Amino acid sequence: SDVYKRQEWRSKSIYQILTDRFAQTNGGTEPCKDFHKYCGGTWKGITKNLDYIQGMGFDAIWISPVVDNTPEGYHGYWARDWFKVNEYFGTPEELKELVSECHKRKMWIMVDVIANHVGPVHLNYTTIKPFNDSSHYHDYCIIYDPDWEHNQTRVENCRLANLPDLKQENPFVKDFLLKWIKDLVNDYDLDGLRVDTTPLVPKWFWQEYKKAANVFTLGEVFSTRFEYIKGYIGPLDSVLNYPWFFALRNSFKGSSFWDIWDVYNSCLLYTSPSPRDLSTSRMPSSA
């Protein structure tokens, strides 16, 4: 059940890994020459360091998106070919080995996933597989700063950072994404998903996505408004606690520690059935 999945994941201490920046297959330590490009981190490199991660007290890892990306998509958020994994990170067999080695150590693995957008190809979709037609995307428009608090329609239908915005209401797009996430979880025996850009996609879609995945889903709702964040607990199993993150960070930067108290009280007021459905986060995620 959803409650069971939440309870199980609450006990986990999760180590977030930007796959490209963590460890190379050969154990190399040479500095990265250009942080805007790939630096050589791989799934094999992570596998070789699982004992190190576990030795620090972590019993779960969260890794970058695994799908093939457009050029320089070292972070994993610029999907290109949904039928392939990112060859810079390794092969399907090496990803399966990483999962298997995690499970041998009784560690769980969470994979970052995106269903909102693809890589920065502007209006030329020919290289995006299978979403190679303009009908697979919302009409061109850009999300502006005021939209985040005042125009949810634009948040869901316009582009974040000019990344082509997938049209989940298109039956082909919806059906493919639901089958893709089901197959990804089953093929690689994943334990959980961190869901990128959650509020940029309609809640009805996340309900179906969560059902198709059938594992724990942790949403990224990049906001300090508890009343807004709360709306995504249900469509997904849990969300990252960004209000808590910002309050802690600002307090240690010099603002009042009463900010933490205010956030705690807001958490009790707005979250249901429990504030523990919000997961704490050390740092915001990339888009």
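Described below are features of the structure shown in this document. Just so we're clear, the structure is a prediction, and the values are computed from it rather than from any experiment.

1. Things to note about helix α8 (residues 203–213)
Regarding α8, the residues found buried are F205, W206, Y209, K210 and A213. The buried residues of α8 occupy one face: seen down the axis, they fall within an arc of 135 degrees. Downstream of α8 by one or two residues, N214 has phi in the positive range, about 60 degrees.

2. Quick word on the pairing of strand β3 (residues 108–113)
Strand residues, when the strand is regular, have side chains that alternate between the two faces of the sheet. Counted residue by residue, β3 has five buried out of six residues, so it is predominantly covered. Two strands pair when backbone bridges link them, and strand β2 (residues 60–63) and β3 are joined in this way by four bridges, in the parallel orientation. When the bridges of β3 are listed, A60 appears paired with W108. With helix α4 (residues 92–104) bridging β2 and its parallel neighbour β3, the resulting β-α-β unit is right-handed. Bridging between β3 and strand β4 (residues 192–195) involves four bridges; their strand directions are parallel. Note that in β4 the partner of M110 across the bridge is G192.

3. Description of the packing of aromatic side chains
Both the distance between ring centres and the angle between the ring planes are used here to describe each pair of aromatic rings. Under the criterion given, the structure shown has 24 aromatic pairs. Ring geometry for F131 and F176: centres 5.4 Å apart, planes at 90 degrees, overall edge-to-face. Here F176 lies in helix α7 (residues 171–188) and F131 lies in the loop between β3 and α5 (147–150), a separation of 45 residues in the sequence. The exposure class of F176 is buried, given its relative accessible area of 15%. Among the aromatic side chains, those forming a connected cluster through ring pairs are W82, F83, F131, F172, F176 and W180. It is K203 that lies over the ring of Y232; its NZ or CZ is 4.8 Å from the centre. Over the ring of Y228 we find R225; its NZ or CZ atom is 4.4 Å from the centre of that ring.

4. Details of the state of the cysteines
Two cysteines form a disulfide when their sulfur atoms are joined by a covalent bond. As enumerated under the stated definition, the model contains two disulfides in all. For C141, the disulfide goes to C158, at an S-S distance of 2.0 Å. Where C141 bonds to C158 through sulfur, the torsion about that S-S bond is close to -95 degrees, and the disulfide is left-handed. Residue C141 is found in the loop between β3 and α5, and its partner C158 is found in the loop between α6 (152–157) and α7; the two are separated by 17 residues along the sequence. Here C141 falls in the buried class, since its relative accessible area comes to 19%.

5. Re the nonpolar core
Across soluble globular proteins, nonpolar side chains show a tendency to be buried alongside one another. Formed by 52 residues in total, the largest nonpolar core has its most connected members in I61, I63, W82 and L98. The leading source of residues in this core is α7, at nine residues. Beyond its immediate stretch of four places on either side in the chain, I63 contacts I17, T19, W43, I46, L95, L98, I109, M110, V111 and D112. The next biggest cluster of nonpolar side chains, apart from the first, holds ten residues, and it includes F216, Y242, F245 and F246.

6. Brief notes about unusual backbone geometry
With an omega of 5 degrees, the peptide bond running from K129 to P130 counts as cis. Take P130: it is sitting in the loop between β3 and α5. Of note in this structure, H122 is not a glycine but carries a positive phi near 55 degrees. Position of H122 relative to the elements: it lies in the loop between β3 and α5.

7. Some details on the packing of α7 against α8
Packed helix pairs are characterised by how far apart their axes lie and by the angle those axes make with each other. Two elements in contact, α7 and α8, have axes whose closest approach is 8 Å; the angle formed by their N-to-C orientations is 30 degrees. Considering the relative orientation of α7 and α8, their crossing is right-handed. Note on element contacts: α8 touches α7 through W204, F205, E208, Y209, A212 and A213, opposite K174, L177, L178, W180, I181, K182 and V185. Partitioning the contact of α7 with α8 into residue classes produces ten nonpolar, no polar and three charged.

8. Regarding the environment of D51
Within the element layout of this structure, D51 appears in helix α3 (residues 50–55). When the C-alpha positions of D51 and V185 are compared, they lie 24 Å apart, and in sequence the two are 134 residues distant. Here R105 takes part through its side chain, which lies 2.7 Å from a polar atom of the side chain of D51.

9. Examining helix α10 (residues 242–252)
Along α10, the residues classified as buried are Y242, P243, F245, F246, A247 and S251. If you check the start of α10, you find a side-chain oxygen 3.1 Å away from the backbone N of W244, and it comes from N241. At the C-terminal side of α10, G254 shows a positive phi close to 130 degrees.

Thresholds applied
- Residue numbers run consecutively from 1 along every chain, following the written order of its sequence.
- Reporting in this predicted model follows two pLDDT cut-offs: at least 70 for local features of residues, and 80 or more for side-chain atom pairs to be given and counted; totals over whole chains, interfaces and linings ignore these cut-offs and use all residues.
- Each side-chain value is derived from all of the structure's non-hydrogen atoms; neither hydrogens nor water enter the calculation.
- Relative accessibility thresholds used throughout: buried, under 20% of the residue-type maximum; exposed, over 50%; partly exposed, between the two (1.4 Å probe, protein chains only).
- Under the scheme used here, helices are H or I runs from DSSP no shorter than 4 residues and strands are E runs no shorter than 2 residues, and both carry numbers assigned from the N terminus.
- It is the directions from the helix axis to the C-beta atoms that the arc portrays.
- Strand pairing is assigned whenever DSSP identifies at least 2 bridges connecting the two strands.
- Here is how to tell: hold the view so the strands point away, follow the path from the first strand over the helix to the second, and if it runs clockwise the crossover is right-handed.
- Stacked, edge-to-face and tilted are the three classes for Phe, Tyr and Trp ring pairs, Trp counted by its six-membered ring, which pair at centre distances within 6.5 Å; planes under 30 degrees apart are stacked, over 60 edge-to-face, the rest tilted.
- Definition used: whenever NZ (Lys) or CZ (Arg) falls within 6 Å of the ring centre and also within 35 degrees of the ring normal, the charge is taken to sit over that ring.
- Here, the term disulfide refers to a pair of cysteine sulfur atoms separated by no more than 2.5 Å.
- Remark: nonpolar core denotes a set of buried residues (Ala, Val, Leu, Ile, Met, Phe, Trp, Tyr, Cys) joined through side-chain atoms within 4.5 Å.
- Whether two residues are in contact is decided by their heavy atoms, any of which lying within 4.5 Å being enough.
- Structural elements are reduced to axes, namely lines fitted to C-alpha atoms, with helices fitted over the stretch in contact, and the angle between N-to-C directions of any two is expressed from 0 to 180 degrees.
- Two helices that cross are described as forming a left-handed crossing if the nearer one is turned anticlockwise from the farther one by less than a right angle, and a right-handed crossing if clockwise.
- Each residue gets one of three labels, nonpolar for Ala, Val, Leu, Ile, Met, Phe, Trp, Tyr, Cys and Pro, charged for Asp, Glu, Lys and Arg, and polar for the others, Gly among them.
- For this analysis, a polar contact is any N or O atom pair within 3.5 Å, provided that within protein one partner can donate a hydrogen and the other can accept it, and provided that sequence-adjacent residues contribute only side-chain to side-chain pairs.

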